[in-house]
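# Examination of the molecular architecture
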Amino acid sequence: AASIGQVHRATLKDGRQLAIKVQYPGVRESIDSDIDNVMSLIKLTGALPKHIDLSSLLSEAKAQLKNEADYLQEAKFLNAYRANLSNDPHFIVPYVVDELTDKNILAMEYIEGAPITDTSALSADTINLLCTQLMRLTYEELFTHKLMQSDPNFANYLYQSDTQKIVLLDFGACRNISQHTSVHYLAMADAMQR
């Protein structure tokens, strides 16, 4: 269970194992009022100085949450990541089952793996490799693919010790990166390196 839905494991008649992400009823419809209510509470407490205007920030938060609540959009991002990393031997991205997916249900391949934070049985070399691959992925997102998973919650990563691959999950909070932004991140990285 998560904040906007639940994920269930399912087996199709043809034997395929799926993870089915099901959104709680009414989530998308309640986003605007929920954020407005939180802002009203903040104003009532007086915790925020009166001259600070958060309206643009709240509008952005509403738009981002609505995007995350659209499982058809998430399926598009998942497919884009799958295509971007199709030849990368270090990552696995589940496939989408289009005929079972809509705005409220995302059906995808179920992939086994251990939480990436469960490092107690891993060697230092393996941990270093995992960190290296995740940093490389970040750079590829920013500079090559210009598509970034903007919710890098560790629950969205699994590790398969037998294949030594990282499983990527949850693509609801992806962002397209403009060429302008990518170039400026590259300039900042270059300046930091110098």
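The structure under discussion appears in the preceding block.
What comes next is a walk through the structure. Here the structure is a predicted model, which is why all the values come from computation and not from measurement.

Side chains of strand β7 (residues 157–160) alternate between two faces, with Tyr-157 and Tyr-159 and Leu-158 and Gln-160 buried alike. In this sheet, β7 lies alongside strand β5 (residues 114–115) in antiparallel orientation, the contact comprising two bridges. When the bridges of β7 are listed, Ala-114 appears paired with Tyr-159. Note: β7 against strand β8 (residues 165–168), four bridges, orientation antiparallel. Pairing of Tyr-159 across the sheet is with Ile-166, part of β8. A loop of four residues connects β7 with β8, the two strands running antiparallel in sequence, and Gln-164 in this loop sits at a positive phi of about 60°.

With that out of the way, let us pick up the environment of Arg-9. With respect to the secondary-structure elements, Arg-9 resides in strand β1 (residues 5–11). Residue classification places Arg-9 among the partly exposed residues on the basis of a relative accessible area of 48%. C-alpha of Arg-9 to C-alpha of Glu-74: the two residues are 65 residues apart in sequence and 18 Å apart in space. In contact with Arg-9, not counting residues within four places along its chain, are Gln-17, Leu-18, Tyr-110 and Glu-112. In terms of polar contacts, Arg-9 uses its side chain to reach the side chain of Gln-17, at 3.1 Å.

Rules used in this analysis
Starting afresh in each chain, residues are numbered from 1 along the sequence in its written order. Only residues with pLDDT of at least 70 are given local features in this predicted model, and only at 80 or more are side-chain atom pairs given and counted; all residues enter the totals for whole chains, interfaces and linings. The side-chain values count all of the structure's non-hydrogen atoms but skip hydrogen atoms and water molecules. Working definition: with a 1.4 Å probe on protein chains only, accessible area under 20% of the residue-type maximum means buried, over 50% means exposed, and in between means partly exposed. Labels follow the DSSP assignment, with helices taken as runs of H or I lasting at least four residues and strands as runs of E lasting at least two, numbered in each case from the N terminus. By this definition, two strands are paired if DSSP reports at least two bridges between them. Any two residues having at least one pair of non-hydrogen atoms within 4.5 Å are treated as being in contact. Counting of polar contacts relies on pairs of N or O atoms within 3.5 Å, with two restrictions inside protein: one atom must be capable of donating a hydrogen and the other of accepting it, and residues adjacent in sequence are counted only when both atoms are side-chain atoms.

So yeah, pure geometry; function would need other evidence.
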